[in-house]
Amino acid sequence: MQEFLDLTLGGISAGAVYAALGLALVIIYRATRVVNFAQPALALISTYLAYSVTKGTGSYWLGFAVAIVAGTLLGVATERLLIRPLRHRSELSSIIVTLGLLLVLQAVAGMIWSNEPLAFPYAFDFVGRFSANDLFVVLVVLVIAALVLVVFKYTPLGLRMRAAAFAPDVARTLGVRVGLMLTVGWGMAAAVGSLAGLLATPPFLFPNVLDGVFVYALTAAVLGGLDNPLGTIAGGFVLGVGLSYVSGYFGPETVTIAALAILVIVLTLRPAGLFGRAKARRV
Amino acid sequence: MLEIEGLSVAYGAVRALDGVGLTVDRGGITAVLGANGAGKTTLLRTISGLQPAREGRITWDGKELTGRAPDRIARAGVAHVPEGGGVITELTVDENLRLGALWRRDRADRAAAKREVYELFPPLEERSAKFAATLSGGERQMLAIGRALMSRPELLLLDEPSLGLAPLITARIMRILRDLRASTGLTVVLVEQNAHSALSIADNGYVLALGRVVAVDTAAELLADDGLRHAYLGF
Amino acid sequence: MTVRTSLPQASPGTAEQHRTRRMPPLLLHLLAALAALAVVVVLTLVTDEFTNLRIATVGYYLIAVAGLTLLTGLTGQVSLGHGAFMFIGAYTVALLVRRVPTFPLWADLLLAAAAGGLAGLLAGAAAARLRGPYLAGATLALAVGLPALTRRFQDFLGGSNGLNFTVHSRPSAMVGVVPELRWQTWIVWLSVLIALVFVVNIVRGKLGRTFRAVRDDEVAAALSGIHVGRTKILAFLISAVCGGLAGGLQAFLLGTAAPGSFTPALSLSLLAAVVLGGLGSLWGALWGAVALVYFQAWSEDLADVLHLNTDVANNLPLAVYGVILIVVVLAFPRGIQGGFQRLRGLLRRSAEQKENHEKH
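Parameters at a glance
Residues numbered from 1 in each chain as written. Chains lettered and ligands numbered in written order. Predicted model: local features only at pLDDT ≥ 70, side-chain atom pairs only at ≥ 80, totals over all residues. Helix = DSSP H or I, 4+ residues; strand = E, 2+ residues; numbered from the N terminus. Expected span 1.5 Å × (residues − 1). Buried ≥ 20, exposed ≤ 12 C-beta atoms within 10 Å, placed from the backbone. Contact = placed C-beta atoms within 7 Å. Core = buried A, V, L, I, M, F, W, Y, C linked by C-beta atoms within 7 Å. Nonpolar A, V, L, I, M, F, W, Y, C, P; charged D, E, K, R; others polar. Pairing = 2+ DSSP bridges. Right-handed = clockwise from strand over helix to strand, strands pointing away.

Enquirer: Looking at this model, I keep getting lost on helix α11 (residues 255-269) of chain A. Mind explaining?
Expert: Look at α11(A): 21 Å from first C-alpha to last across 15 residues, which is about the 21 Å you get at 1.5 Å a residue. The complete set of buried residues in α11(A) reads Val255(A), Thr256(A), Ala258(A), Ala259(A), Leu260(A), Ile262(A), Leu263(A), Val264(A) and Leu267(A). Summarising the contacts, the buried residues of α11(A) are in contact with α9 (211-224) and α10 (229-250) of chain A together with α5 (105-127) and α6 (132-152) of chain C.

Enquirer: Can you help me understand the nonpolar core in this one?
Expert: Ranked by size, the top nonpolar core spans 285 residues in total, and within it Ala20(A) and Leu325(C) carry the most contacts. Once residues lying within four places of it in the same chain are set aside, the contact partners of Ala20(A) are Val141(A), Ile144(A), Val192(A), Leu195(A), Ala196(A) and Leu199(A).

Enquirer: What is the right way to look at the interface of chain C and chain A in this model?
Expert: By convention, interface size is frequently given as the accessible area that disappears when the constituent parts associate. On the chain A side, the residues contacting the 38 residues of chain C number 41 residues. Only α6, α12 (264-277) and α14 (310-331) of chain C provide two or more residues apiece to the side of chain C that touches chain A. Here the side of chain C that touches chain A takes 16 residues from α6(C), the largest share from any one element. Classifying every residue of the side of chain C that touches chain A gives 28 nonpolar, six polar and four charged.

Enquirer: Explain unusual backbone geometry to me, please; I cannot follow it from the model alone.
Expert: Comment: phi is negative for the bulk of residues other than glycine, and the bulk of peptide bonds are trans. In this chain, Pro202(A) is followed by Pro203(A) through a cis amide linkage whose omega measures 10°. Note that Pro203(A) resides in the loop between α8 (178-200) and β2 (204-205). For Arg152(B), which is not glycine, the phi torsion reads 50° and is therefore positive. The class of Arg152(B) is partly exposed, set by 19 C-beta atoms lying within 10 Å.

Enquirer: Just to check I follow, could you spell out the interface of chain A and chain B for this structure?
Expert: Counting residues at the interface gives 15 residues for chain A, matched by 18 residues for chain B. Looking at the side of chain A that touches chain B, the elements with two or more residues in it are α6 (156-166) and α7 (168-173) of chain A. Tallying contributions element by element places α6(A) first for the side of chain A that touches chain B, with six residues.

Enquirer: Would you mind showing me how to read the pairing of strand β8 (residues 187-192) of chain B here?
Expert: On any regular strand, side chains alternate: one points to one face of the sheet, the next to the other face. Residue and element names in this part refer to chain B. Counted residue by residue, β8 has six buried out of six residues, so it is predominantly covered. The two faces of β8 match: Thr 187, Val 189 and Val 191 on one face and Val 188, Leu 190 and Glu 192 on the other face are all buried. In this sheet, β8 lies alongside strand β7 (residues 155-159) in parallel orientation, the contact comprising five bridges. Bridge pairing in β8 places Leu 155 opposite Thr 187. Each parallel crossover has a hand, and for β7 linked through helix α7 (residues 167-184) to β8 it is right-handed.

Right, here's the structure in full:
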């Protein structure tokens, strides 16, 4: 019973991270219909920058702030330089280009900071079944998620962003600067992604540290429906808890395969995800 | 006034518009007619900036529109209602309307505009919180026009507003356009296949065929010209 | 008015000419494969052992990349998990050699290919309803998750150190005449070329057209009678057979199967090779395989020459592949083979223009 409780609580805090990174993916997908495979790499570079800043200044929170800002800028740069030129090309093109960016950024991280694991601090005390750090992780993710949802649903900016995503030509004729909206979307998503990176990384930072998390985040996003932020957040938490049980009872090495199995089963039964809206094609 | 000179537009090798010229005085209602594929939709899309022109000039009120981005043209007072209305089905009726005026600074004016649109089209007010996807064809057209009016445009481009609509609703929309012209000096360019209803409220008409202007005249003359009607307008 | 009642007779001579001129494609491909094998043998004889190893590596990468280009290029299914099939093939050979040493090598390789194929069948069935990013994500999960299983089943799969073994593939007659590595290179290329003959026939034949139809428009393909799901699964199967064979050959060549060789970066590098060579092109698979081997080699040399520190040196190849993916997609979407085709087109057109000039 004790183990079950531990696993559940551990799963909730892990799930918060999947939810956050999944949310980053969904924001971009809704805005540009692109799955940003480079998201973990953008978060990785931000986290490495946080590491350097923290090491240099001794302040975790300064590093935290730098990471978020750096992540936003990286997201904006990626959208304008790599994604914008490909907006009329096939889906495959943007998948490949973001994969290329993933490879480059991971390699660059290894070049600058070496492939060796570096100690990366937790935000708060992390000892215990459900530590202060775990609470922080869950709270900050919920707060940020709520903020993002409020922005999208209730602000004029959010309305413009949604219009730009759903019907870009129509939005243009209504005075919406669609390109700017896409860039803002990527910036927002990258900021959320960087947050997820900072939360997921401790205790050790190395170039492949976010690979597993990314797979789970993508699974959460797909389960929730790639254009459903609320579903993704719920999916992240549920997946976190579920995978925690798998890790506890079947061994941590089986977790990724379990995630894959869950992904396949859910998508076979509901190809647009649990809460996604399938777009029927008119023939 | 709207002035178009020597406009040519091509999709790859296909010439959609070939040397088209058009003039509409302020406060005028002009119908653009012709069969399918004549280039009517391309003309409107080029004016609103969605389609780049290969040659030619478009000016509104002396301001150059050619080559400008669509959102800048919209902010210059040009509203475009595409074929089918172009309502964003994933947004509610209210959101669609609000979207129409977001670029205007004056909040009070935006709220006033929304009230006026609801007054013009009461069914929209009833459904204001519903998703646009749930609206019927006629209601969507009303929403599209209402949304266009939200920005208090000076030039309104309408692409086949009567398509798929019951004659009663079409007549109502035409009446509303005429009233708006009278009250606000709105300039309207109206593309229609249903030439009869368009010519009933228009001052002038242009007839397009295969990307070229084949006839220009007052609405009354076009209605009276049997030969022209048979050849290009299908009635 | 005269009415022709019979078709003009073709002179008997031309019919004969037609028959001998058109060789069945299978025969043509077999002859080409034989010629290629001859070229490879000559190459191995004139180069040193180090280069022989590189030639062999190009060989198994070639069949791996060919399989992936068939899957992603011809049926449009983006797979980020091709490395997983290589992983399966490698471990199959390693396990068979260690546990059933009496099996001949060709049986081991065949079973490696078959194991890959089985995995491909399962993967394809699971993936049949997935599209674009969903499929990419699922296959990425496969690439990340499958090698992790080696840590779970430490005893059976040897954990992070993997499985080591020795294979003596040279017939006794060849010992002392041909070095082991050179003989291995020949075996690798023989297997690769046999597999390629099959792949080329598929790609150029009716099945290839069916694949392309499914890629271009699934709905239209279904409406014209193609069973889309089955076609996509078949593509996965074939590509995984290629991957499994590649992995098996790699294990055979290196004498080891370890999880460290099958990271997600491998799958991404294979995709980079596909894109660089030219998506959907088998010649492109060759250019991509050569690029994979030689970029690795060149970056090692570059690291030496520039005295780059180990961090930079180790990560240079991956950085290069990433840049390749980005640059190729942005600037040269049809890859190397596409470039060649454009060149050929330009040359042909300028030749035609010259002809026209001369006529006047």
